[in-house]
Amino acid sequence: MTLYYRDDAVQVTSESIRVGGHAVALAEVTFVWHAQGRTTLAVRGRVLSRGVLVLLLSLPPLVAVVCALSLAWAAQDRGQWTLALLIIAACVVLALALTPFLEIPLGWLDRSYERGNKVHELWVQHHGRELLLLRTPDALRFGQIYRAVQRAVEQREDPR
């Protein structure tokens, strides 16, 4: 028996596909496909939080540019270029010092895109009936499971 995929709820082997408490013998599966399911509240929340995070990451640089331009404009009127350049230099140094802390929200954003923004369903034809085996909003996990099922079916059809 070959193990193609395994996590807490799903196990794909050369003999069967186990999802939750249900098991489907691979020999009894005639067709496998995937579909896009209805969007869940979790997926909508992920997309909304992604948008808020992008907004929060975009606002500080925009505010900094506006502040620098207004400071330069005011310095031009008053002729106090030294003070304006000192303030801008201090802000640039502060921004460079805080740059490594961007790793955390950018990591969140990256993982959000990995998980996707759709609900994925794994279907099989078992004893002539269509059977929904798995429904998940996690695109990365779904891709791994679907590929494991494909490999298991391919190996079943083409024993070397």
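Quick note: structure is the one above.
Residues numbered from 1 in each chain as written. Predicted model: local features only at pLDDT ≥ 70, side-chain atom pairs only at ≥ 80, totals over all residues. Heavy atoms only, no water.

(A) Structural context of the nonpolar core. Counting residues in each nonpolar core, the largest one holds 21 residues, and the members touching the most others are Val12, Val32, Leu122 and Val149. Elements supplying a minimum of two residues to this core: strand E1 (3-6), strand E2 (10-13), strand E3 (16-19), strand E5 (29-37), strand E6 (119-126), strand E7 (129-136) and helix H4 (139-157). Those residues in contact with Val149 that lie beyond four places of it in its chain are Val12, Ile17, Val32 and Leu122. (Core = buried A, V, L, I, M, F, W, Y, C linked by side-chain atoms within 4.5 Å. Buried < 20%, exposed > 50% of the residue type's maximum accessible area, 1.4 Å probe, protein only. Helix = DSSP H or I, 4+ residues; strand = E, 2+ residues; numbered from the N terminus. Contact = heavy atoms within 4.5 Å.)

(B) Local environment of the packing of aromatic side chains. A complete count under the given rule lists three aromatic pairs for this structure. Ring plane angle 10° and centroid distance 6.2 Å describe the contact between Trp33 and Trp123, whose orientation is recorded as stacked. With Trp33 in strand E5 and Trp123 in strand E6, this residue pair connects regions lying 90 residues apart in the sequence. With a centroid separation of 5.9 Å and 15° between ring planes, the pair formed by Phe142 and Tyr146 is classed as stacked. Separated by four residues within a single helix, Phe142 and Tyr146 lie in helix H4, roughly one turn from each other. The structure contains a cluster of three or more aromatic residues connected by ring pairs, namely Phe31, Trp33 and Trp123. The side chain of Arg50 reaches across the aromatic face of Tyr113, ending 4.2 Å from its centre. (Phe/Tyr/Trp six-rings, centres within 6.5 Å; stacked < 30°, edge-to-face > 60°. Lys NZ or Arg CZ within 6 Å of the ring centre and 35° of its normal.)

(C) Structural detail: the pattern of salt bridges. In this structure the tally under the stated criterion is three salt bridges. Asp7 is paired through a salt bridge with Arg141; the nearest N and O atoms lie 2.6 Å apart. With Asp7 in the loop between E1 and E2 and Arg141 in helix H4, this residue pair connects regions lying 134 residues apart in the sequence. Judged by its relative accessible area of 25%, Asp7 falls in the partly exposed class. Residue Arg147 pairs with Glu154 through a salt bridge whose shortest N-O separation is 3.8 Å. (Salt bridge = Lys/Arg side-chain N within 4 Å of Asp/Glu carboxyl O.)

(D) Just the sheet that holds E7, in detail. Ordered by their spatial adjacency, three strands build an open sheet running E5-E6-E7, and the pairing between neighbours is antiparallel. Each edge of the open sheet is held by one strand with a lone partner, namely E5 and E7. Along the sheet, successive strands turn relative to each other by an average axial angle of 25°, direction set aside. Here E6 runs beside E7; their pairing, made up of seven bridges, is antiparallel. Residue pairing for E7: His120 is matched across the bridge by Thr136. (Pairing = 2+ DSSP bridges. Axes fitted to C-alpha atoms, helices over the stretch in contact; angles between N-to-C directions.)

(E) Geometry of the state of the cysteines. Tallying each qualifying case throughout the model produces zero disulfides. The cysteine Cys67 is free of any disulfide, with Cys91 supplying the nearest cysteine sulfur at 8.0 Å. Given a relative accessible area of 44%, Cys67 falls into the partly exposed group. (Disulfide = S-S within 2.5 Å.)

(F) The sheet that holds strand E4 (residues 22-25), seen in detail. In spatial order, the strands read E1-E2-E3-E4; together these four strands make up an open sheet with antiparallel pairing. Edge positions in the sheet fall to E1 and E4, since each of these pairs with one other strand and no more. Between one strand axis and the next, the sheet turns through 10° on average, direction left out of account. Inspection of the sheet shows E1 paired to E2 by three bridges, in the antiparallel sense. Residue pairing for E2: Tyr5 is matched across the bridge by Val12.

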